[in-house]
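Breakdown of the fold
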Amino acid sequence: GSTFAYFAFSATNNVIGGNAGNVDLTLTVEKVLPDSDNIADNILIANFSELATNLNNGCVEDGYALCQLYKINLANSATGVNTNVKGSLSFDNTNVPNLSWVYLGDTYSSTNIPNTFNTASSTFTNFVNGHLLTAGTNKDFYILVWVNESATEQSDNGTYSGTVRFEDSNGKGVTSTFTSN
């Protein structure tokens, strides 16, 4: 977790008084799908147009993973201090050059799949901007990852890792790293 200090103040009859407040963020990332240990580790190549079907089938076909769904949970356990955050994602996918991802929102459903997707890269790409996280609350975000099919021969093989980062408007924040398995 991470704690940030803020100062809130008020003025009455030209007397200034105040209380310090803290933003206390905690970030977790967990794989939701496929939800079985009996699935082959490597993600098979899949076409973007098939993502809705693959998600509805739990990201599995014939015992092989076609995608992986991750739940990102961001919590602000502070009392009385709200904060605006932006969320971003980067990948270490040297052996999986066609790794791709989409942000599904705060629930996962095949109807949430957007019309465009992101190619995984080591550069952080924002998926949430200016989200208000109020004191004492948490928020879930879902990311769907797959190896996108290309028109040329593909060499995708092995694991990848991703780093999720949430920052406030001052650039302070929390990160969490996850690894495919």
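Before going into details, it helps to say that this report is about the structure given with it. Just so we're clear, the structure is a prediction, and the values are computed from it rather than from any experiment.

**Digging into the pattern of salt bridges**
Summed over all chains, the structure comprises four salt bridges. Residues Glu-30 and Lys-71 are paired through a salt bridge, measuring 3.9 Å at the closest nitrogen-oxygen approach. With Glu-30 in strand S2 (residues 15-33) and Lys-71 in strand S7 (residues 68-76), this pair connects stretches of sequence that are 41 residues apart. Overall, Glu-30 belongs to the partly exposed group, its relative accessible area being 43%.

**A word on the state of the cysteines**
For the structure on display, the rule yields one disulfide. With its sulfur 2.1 Å from that of its partner, Cys-59 forms a disulfide with Cys-67. Linking Cys-59 and Cys-67, the disulfide has an S-S dihedral of approximately -95° and is accordingly described as left-handed. No difference in accessibility class separates Cys-59 from Cys-67, as the two residues are buried.

**Notes on the packing of aromatic side chains**
This structure, assessed with the given rule, holds 13 aromatic pairs. Taken together, a centroid distance of 4.4 Å and an interplanar angle of 40° make the contact between Tyr-70 and Phe-178 tilted. Of this pair, Tyr-70 sits in strand S7 while Phe-178 sits in strand S14 (residues 173-179), and the two are 108 residues apart along the sequence. Taking relative accessible area as the criterion, Tyr-70 reaches 3% and is therefore assigned buried. A residue is classified by how much of its surface remains accessible, and Phe-178, at 8% relative accessible area, is buried. On the basis of an interplanar angle of 35° and a centroid distance of 5.2 Å, the ring pair of Phe-141 and Phe-166 is categorised as tilted.

**Description of the nonpolar core**
Residues Ile-72, Leu-74, Phe-91, Phe-127, Val-164 and Phe-166 are the most contacted members of the largest nonpolar core, which totals 28 residues. Sorting the residues of this core by element identifies S2, S7, strand S8 (83-92), strand S9 (99-105), strand S11 (125-133), strand S12 (137-148), strand S13 (161-168) and S14 as the ones contributing at least two each. Excluding residues that lie within four positions of it along the chain, Phe-127 makes contacts with Ile-72, Gly-87, Ser-88, Leu-89, Trp-101, Tyr-103, Phe-141, Ile-143, Val-164 and Phe-166. Counting 14 residues, the second-largest nonpolar core is a separate cluster that includes Leu-33, Cys-67, Val-102 and Tyr-142.

**Digging into unusual backbone geometry**
Put simply, Leu-33 and Pro-34 share a cis peptide bond, and its omega is -10°. With respect to the secondary-structure elements, Pro-34 resides in the loop between S2 and strand S3 (40-43). Here Cys-59, not a glycine, exhibits a phi torsion of approximately 65°, which is positive. Along the polypeptide, Cys-59 turns up in the loop between helix H1 (51-56) and strand S5 (60-61). Residue Cys-59 is classed as buried on the basis of its relative accessible area of 0%. Positioned with a positive phi, Asp-62 is a non-glycine residue whose angle comes to about 50°. Take Asp-62: it is sitting in the loop between S5 and strand S6 (64-65). A residue is classified by how much of its surface remains accessible, and Asp-62, at 70% relative accessible area, is exposed.

**Observations regarding the pairing of S9**
Most of S9 sits inside the fold, with six of its seven residues counted as buried. Summarising the sheet, S9 and S12 pair through six bridges and their orientation is antiparallel. Within S12, the residue paired with Tyr-103 across the bridge is Ile-143. For S9 and strand S10 (residues 118-119), the ladder comprises two bridges, and the chain directions are antiparallel. What sits directly across from Trp-101, in S10, is Asn-118.

**Brief notes about the pairing of S13**
Burial within S13 is extensive, with six of its eight residues counted as buried. Pairing between S8 and S13: eight bridges, direction antiparallel. Pairing of Lys-86 across the sheet is with Glu-167, part of S13. Note that S13 and S14 share seven bridges and pair antiparallel. Counterpart to Val-164 in the pairing with S14 is Ser-176. In sequence, S13 turns back onto S14 through a hairpin of four residues, with Gly-171 there showing a positive phi of about 85°.

Rules and cut-offs
Residues numbered from 1 in each chain as written. Predicted model: local features only at pLDDT ≥ 70, side-chain atom pairs only at ≥ 80, totals over all residues. Heavy atoms only, no water. Salt bridge = Lys/Arg side-chain N within 4 Å of Asp/Glu carboxyl O. Helix = DSSP H or I, 4+ residues; strand = E, 2+ residues; numbered from the N terminus. Buried < 20%, exposed > 50% of the residue type's maximum accessible area, 1.4 Å probe, protein only. Disulfide = S-S within 2.5 Å. Phe/Tyr/Trp six-rings, centres within 6.5 Å; stacked < 30°, edge-to-face > 60°. Core = buried A, V, L, I, M, F, W, Y, C linked by side-chain atoms within 4.5 Å. Contact = heavy atoms within 4.5 Å. Pairing = 2+ DSSP bridges.

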